[in-house]
Amino acid sequence: QGRGTFTMVLDHYEEVPKSIDEIVDDLRVCLNNGVESPLVILNDYIEYSTEDVEKAIQQKLGIDTRSSVLGYIQRGGAPSVEDRLLATQFGLTAVELLLEGKTDQAVGVRNRNIISMSLTQAIQIQEEFDYSLYNQLRDLHGLKKDNSFQ
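Summarised in this report is the structure supplied together with it. (Residues numbered from 1 in each chain as written. Predicted model: local features only at pLDDT ≥ 70, side-chain atom pairs only at ≥ 80, totals over all residues. Heavy atoms only, no water.)

Details of the pattern of salt bridges
All told, the structure shown has four salt bridges when counted by the stated rule. Residue Asp25 pairs with Arg28 through a salt bridge whose shortest N-O separation is 3.1 Å. Taken together, the residues Asp25 and Arg28, both in helix α1 (residues 20-32) and three residues apart, mark about one turn of the helix. Accessibility expressed as a relative area gives 40% for Asp25, which makes it partly exposed. Arg28 sits in the partly exposed class, given a relative accessible area of 33%. With a closest N to O distance of 3.3 Å, Arg66 and Asp64 form a salt bridge. Of the residues examined, Arg66 reaches a relative accessible area of 75% and is grouped as exposed. (Salt bridge = Lys/Arg side-chain N within 4 Å of Asp/Glu carboxyl O. Helix = DSSP H or I, 4+ residues; strand = E, 2+ residues; numbered from the N terminus. Buried < 20%, exposed > 50% of the residue type's maximum accessible area, 1.4 Å probe, protein only.)

Rendered as structure tokens:
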């Protein structure tokens, strides 16, 4: 049957809160829908530990769990050719900005184009979470749509 991520806890985005009980409930639904090896993704902003989630899953569902806390290096893995090209483009753009006498600049990508802006502007950019993609993922695993953020 199916494999894959069944639930994500993204407490950094206040609109998507999830308790440990909700995680266990989502897992139960996914297992009942044939997901063989579901994953739980937790971010750094949650108020409970990975161990708390593991214990709850083991106690309430009686299944074996394993966790892995990824560091920054593990999150990215080895850089791809595209990563290396992008880093080169960033470096070239940064040098060009310096040669133009522009300092305190951030370099990034927008609409597949290399851009620059002041550091002040860059740190004020608000992250946007793609809630439609989040709900598509839930739908793929037979979970009800999460409307808590609407």
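There's more to say after this.
Overview of the nonpolar core
Residues Ile20, Ile23, Val24, Leu27, Ile46, Tyr48, Val53, Ala56 and Ile57 constitute the largest nonpolar core, which totals nine residues. Those elements giving two or more residues to this core turn out to be α1 and α2 (50-61). Broken down by element, the residue count for this core peaks at four residues, all from α1. Setting aside residues no more than four positions away along its own chain, Val53 makes contact with Ile20, Ile23, Leu42 and Tyr48. (Core = buried A, V, L, I, M, F, W, Y, C linked by side-chain atoms within 4.5 Å. Contact = heavy atoms within 4.5 Å.)

Concerning the environment of Thr93
Positionally, Thr93 belongs in helix α4 (residues 81-99). Residue contacts for Thr93: discarding those within four places in its chain leaves Val107 and Ile114.

Structural notes on the packing of α1 against α2
Where α1 contacts α2, the two axes come as close as 10 Å, and the packing angle between them is 50°. By the angle between their directions, the pair α1 and α2 is classed as oblique. Like other packed secondary-structure pairs, α1 and α2 cross with a definite hand, here right-handed. In contact with Ile20, Asp21, Ile23, Val24, Leu27, Arg28 and Leu31 of α1, α2 contributes Asp52, Val53, Ala56, Ile57, Lys60 and Leu61. Per-class residue counts for the contact of α1 with α2 are nine nonpolar, no polar and four charged. (Axes fitted to C-alpha atoms, helices over the stretch in contact; angles between N-to-C directions. Parallel < 35°, antiparallel > 145°, perpendicular 65-115°, else oblique. Left-handed = near helix turned anticlockwise from the far one by under 90°. Nonpolar A, V, L, I, M, F, W, Y, C, P; charged D, E, K, R; others polar.)

Quick look at the environment of Arg110
Here Arg110 lies in strand β3 (residues 105-110). Other than its neighbours up to four places away in sequence, Arg110 contacts Ile115, Met117 and Ile125.

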